[in-house]
Amino acid sequence: MGRPPKLSKKDMETLRHCIENQKICNVKEVQEYIKEKFNVSYSSKEVREILKKFNLNYYPLLRKYTYESYYNEMINRKFEF
């Protein structure tokens, strides 16, 4: 069972939509957005879990949560000669 979520399903959909439109967010940015928009505090670990539920991946080279296509594009740019 566990504790009830701090954000409703509608709020989670709003958050997901915001992240998808920006194409890239780091944990701190998402944390700040949740605090401003919903007046709810999440730890960085909780935010990472939310991002995992949204099927976002962590790529150490960029130190961001990104969509795979964006990551590949950035890698290609970085290593072009």
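Located above this text is the structure these notes cover.
Draft legend 1. Quick peek at the environment of R48. Tracing the chain through its elements places R48 in helix α3 (residues 44-53). Look at R48 and you get partly exposed, because its relative accessible area is 33%. For the pair R48 and V30, spaced 18 residues apart in sequence, the C-alpha separation works out to 9.3 Å.

Draft legend 2. Geometry of helix α2 (residues 27-38). The end-to-end C-alpha distance of α2, which contains 12 residues, comes to 16 Å, matching closely the 16 Å that a straight helix rising 1.5 Å per residue would cover. Of the positions making up α2, those classed as buried are V27, V30, I34 and F38. Buried residues in α2, looked at end-on, bunch into an arc of 65°, giving them a common side. Exposed and oriented more than 90 degrees from the buried face of α2 are K28 and E36. N39 lies just past α2 and shows a positive phi near 55°.

Thresholds, definitions, all that
Residues numbered from 1 in each chain as written. Predicted model: local features only at pLDDT ≥ 70, side-chain atom pairs only at ≥ 80, totals over all residues. Heavy atoms only, no water. Helix = DSSP H or I, 4+ residues; strand = E, 2+ residues; numbered from the N terminus. Buried < 20%, exposed > 50% of the residue type's maximum accessible area, 1.4 Å probe, protein only. Expected span 1.5 Å × (residues − 1). Arc of directions from axis to C-beta.

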